[in-house]
Structures are given as C-alpha cells and as structure tokens.
Amino acid sequence: MSASREHAEQLFARLTAGDRAALGRALTLVESTLPGDQDAVAHLLDACLSHDVSAVRIAITGLPGAGKSTLIDRIGMQWIAEGHRVAVLAIDPSSTRTGGSILGDKTRMERLSTASEAFVRPSPTSGMLGGIAGSTREAMLVCAAAGYDVVMIETVGIGQSETAVADLVECVLMVSLAGGGDGLQGIKRGILEVADIVAVNKADGENLKPAEASARELREALHLLRPDDDVPVMPVSATTGYGLDELFASLICRVRSMPIQAWSTRGDAFMGAVRRALDAAMAPHGSLHETLTAFRDEAESGHMGPWEAALAFIRSLRT
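Residues numbered from 1 in each chain as written. Predicted model: local features only at pLDDT ≥ 70, side-chain atom pairs only at ≥ 80, totals over all residues. Heavy atoms only, no water.

Novice: Explain the pairing of strand 6 (residues 197-201) to me, please; I cannot follow it from the model alone.
Specialist: Remember that side chains alternate between the two faces of the sheet whenever the strand is regular. Strand 6 sits mainly inside the fold: five of its five residues count as buried. What you see with strand 6 is no split at all: Ile 197, Ala 199 and Asn 201 on one side and Val 198 and Val 200 on the other are buried throughout. In the sheet, strand 5 (residues 171-177) pairs with strand 6 via five bridges, with the strands oriented parallel. Considered in strand 6, the bridge of Leu 173 is made with Ile 197. Relative to strand 7 (residues 233-235), strand 6 runs parallel, the two being bridged by three bridges. By the bridge assignment, Val 198 is partnered in strand 7 with Val 233. (Buried < 20%, exposed > 50% of the residue type's maximum accessible area, 1.4 Å probe, protein only. Helix = DSSP H or I, 4+ residues; strand = E, 2+ residues; numbered from the N terminus. Pairing = 2+ DSSP bridges.)

The following block contains the structure:
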C-alpha cells in the first residue's frame, strides 16, 4: 500500500469515528493544491464518496454586512435543537496580494463555534469566482462523511457572480438589508434567480418598518423575475430573534420538498478532480482562472491571436 493511500485511509477512519481534529486535517488536505498531496486527496475523497453520506445542504448568501454569520449562528442552533449535527463552511475572501483570507466569521458564530454538535470551518476562496471556494463540493462531502447531516455554506457575498453555489445545495437563502437596493439590483446580479428564500435582516427597532417595506419590494421584484415561483420573503432579526421561527419553518419546508441530491455522479466527480489537478498544475503560475483570464485578455486586446493564445495556454500547463 502506498504511503498516500495509507495516510488517507487512516484519516478517513478517524474522521468517520468522530475525531474533530482529523476532520480539520482532512479539510486542510482537501484544500491543498500541492502536487505531493493530490494522491492522498484522491484516496480520501473516493473513500468518502463510497461512504453512506447524507446531509441537507444550505447556502447562505448576500452582500457583506448583511449579518449572514449571526443569522447562521441562530439557524444552526435551531438545527441542533432539532437533533441534527451542523457543519458550517464559511467561505472567506482571499487577499489578491498575499493569498491569505479574512477569517472573521467564526468569531461571529459564538454559540455554534463552541457547540459540540457543530463544526465551523473558514475556507479561503483563493480567487475562485461564484462565491465559493474551489474545494467547497469536496469539503461538504468530507463533512457529511464525518457525520454532520446539515452542512451550511456562508458564501463570500460578492454579488454579481455569486450563483455557482446553487448547483451544490438544496436551498439558497439570500440575506438582504432594508434600503440596500437589492430589489432591482438583485435582478441585475442574478442572485435572485437562484434564491429559494429571502430574509431581510436587521428588522428591529427603527429599522423594522424599512425592513418590511424592503421585503415587499423584493416580493414584487421576484414576482416579475420568476412569476411561476413562490419565493418566501420575510423580515427577520438575527439579534432579537424576530421572524426566525418563520424563517426556519420555510427552510424545513424547502429542504423536505426537495429530493436530497446525490453528492455527484461519478462523471461530475471526475470533472471536479480534473479541475483540481489543473489548478494544482497551474499553482506555480497562479490559479487556473487567472491564467485563463490573462490569455483571454491577450486575445481580446489583439496582442495575440485567439488560436495563438489558446496554444500558449495549453503549453503553459506543461511547464
């Protein structure tokens, strides 16, 4: 048995036995793009995919400052009160200069971060678009294999391109704020096209009436955008608890009405593995997306012909 396979099997055995430290190490391994780690990653993910995993997957999205982390803290504790184990993957915006990430969300999940039935993990995007990290699908699979039957993703909140997460979950909860212009602007961003539930947060004190007005505007916008869908829109307050029972009931209704999707077909898993391998191959030169964008810009600007740029990109994968 190879050393990488043995390491992966030992890690898998520990995380499925409930070892939280092993889960943390497994997620670190899955996030790695180092060529030397990829065999172990492959063995670990194959073991997880073959394991009997089942989990509800929920994405919480919205602009920064909307109170997503505090809301997740409240919702997560409600799931725990219902007898579930909750994992939270808080996707952090990576620094464009250093590649580091802003790991502040965990401090705003005061109860979840200390609950024995919960696991909170900040993960950097490392430049990945769509509001998620490059290894989010795989990280969710690992969490489910570790016995967490509710997996919540807090996305970056970048707005315009934050729709890729919808392909990974059964429910997308969009968190908005009163007066944020999210009614019409949300249609332009596209996030309202994939939202299953909308919560207008911080509906307390003097902000209650503006929040209720904003909820009405969002309902109208959603009716125009998606006339055949009945998307719940409600004012809530993660601070006072206002509207949270109704929000949680809507979440329960949504996930129970949706068949739990397979984590991925083996073909999907293969394509994900190919993307990971390409990202790892491109690591010395920057991310795959950055390299593709650079060559596309060269083609669009006329500095290189389209076919010349494509050939140069393919050759860059071999160096």
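Novice: How should I be thinking about the packing of aromatic side chains in this particular structure?
Specialist: Remark: the centre distance and the inter-plane angle together describe each pair of aromatic rings, the angle taken between the planes. Enumeration according to the criterion identifies three aromatic pairs in this entry. Seen in terms of ring centroids, Phe 295 and Phe 313 are 6.2 Å apart; in terms of plane orientation they differ by 70 degrees. Their pairing is edge-to-face. Here Phe 295 is found in helix 10 (residues 288-301), whereas its partner Phe 313 is found in helix 11 (residues 306-316), with 18 residues between them in sequence. Neither residue differs from the other here; Phe 295 and Phe 313 are each classed as buried. Just above the ring of Tyr 148 sits the side chain of Arg 85; from NZ or CZ to the centre is 4.1 Å. (Phe/Tyr/Trp six-rings, centres within 6.5 Å; stacked < 30°, edge-to-face > 60°. Lys NZ or Arg CZ within 6 Å of the ring centre and 35° of its normal.)

Novice: How should helix 5 (residues 136-145) be read in this particular structure?
Specialist: Every α-helix winds through 3.6 residues per turn, so residues three or four apart in the chain are directed the same way. Of all 10 residues that make up helix 5, nine are buried, and the element is covered over most of its length. Taken together, the buried positions of helix 5 are Thr 136, Glu 138, Ala 139, Met 140, Leu 141, Val 142, Cys 143, Ala 144 and Ala 145. Where helix 5 ends, the next residue or the one after it, Gly 147, has phi of about 100 degrees, a positive value.

Novice: Help me understand the nonpolar core, please; the structure alone is not making it clear to me.
Specialist: One recurring pattern in soluble globular proteins: nonpolar side chains tend to sit buried together. Core analysis: the biggest nonpolar cluster contains 38 residues, and Leu 15, Leu 44 and Val 142 have the highest contact counts within it. Among the elements of the structure, helix 1 (3-16), helix 2 (20-31), helix 3 (38-50), strand 2 (86-92), helix 5 and strand 4 (150-154) are those that each provide at least two residues to this core. Take this core: its biggest share by element is seven residues, from helix 5. When near neighbours in sequence (up to four residues on either side) are disregarded, Leu 44 contacts Ala 8, Leu 11, Phe 12, Leu 15, Ala 26, Leu 29 and Val 30. One finds Ile 75, Leu 173, Met 234 and Leu 244 within the second-largest nonpolar core, a separate group that totals 32 residues. (Core = buried A, V, L, I, M, F, W, Y, C linked by side-chain atoms within 4.5 Å. Contact = heavy atoms within 4.5 Å.)

Novice: Teacher, can you tell me more about the packing of helix 4 (residues 68-81) against helix 8 (residues 244-257) here?
Specialist: To characterise two packed helices, one gives the angle between the axes of the helices and the distance between these axes. At a closest axis distance of 11 Å, the pairing of helix 4 and helix 8 adopts a crossing angle of 65 degrees. The hand of the helix 4/helix 8 crossing is right-handed. Mapping the contact onto sequence places Leu 71, Arg 74, Ile 75, Gln 78 and Trp 79 in helix 4 and Leu 244, Asp 245, Leu 247, Phe 248, Leu 251, Ile 252 and Val 255 in helix 8. Here the contact of helix 4 with helix 8 is built from residues that sort into nine nonpolar, one polar and two charged. (Axes fitted to C-alpha atoms, helices over the stretch in contact; angles between N-to-C directions. Left-handed = near helix turned anticlockwise from the far one by under 90°. Nonpolar A, V, L, I, M, F, W, Y, C, P; charged D, E, K, R; others polar.)

Novice: Please explain the confidence of the model for the protein chain as it appears in this structure.
Specialist: If pLDDT is low for a region, its predicted coordinates should not be looked at in detail. When pLDDT is averaged across the protein chain, the result is 82; 78% of the residues are at 70 or more. In the predicted structure, residues 94-102 sits below a pLDDT of 50 and forms 14 contacts with residues beyond four places in sequence or in another chain. Contacts of residues 127-131 to residues separated by more than four positions or lying in other chains number 17 contacts, the stretch itself having pLDDT below 50. (pLDDT = per-residue confidence, 0-100.)

Novice: For this particular structure, what's the right way to read the side chain of Thr 136?
Specialist: Within the secondary structure, Thr 136 sits in helix 5. In this structure Thr 136 touches Leu 89, Ile 91, Ile 153 and Leu 168, once residues within four positions along its chain are discounted.

Novice: Before we go on, may I ask you to explain the pairing of strand 1 (residues 56-62) in this structure?
Specialist: With seven of seven residues buried, strand 1 lies mostly within the body of the structure. Residues of strand 1 alternate between two faces, with Val 56, Ile 58, Ile 60 and Gly 62 on one and Arg 57, Ala 59 and Thr 61 on the opposite face, all of them buried. Looking at chain direction, strand 1 and strand 4 are connected through five bridges and run parallel. Looking across to strand 4, one finds that Ile 60 is bridged to Glu 154.

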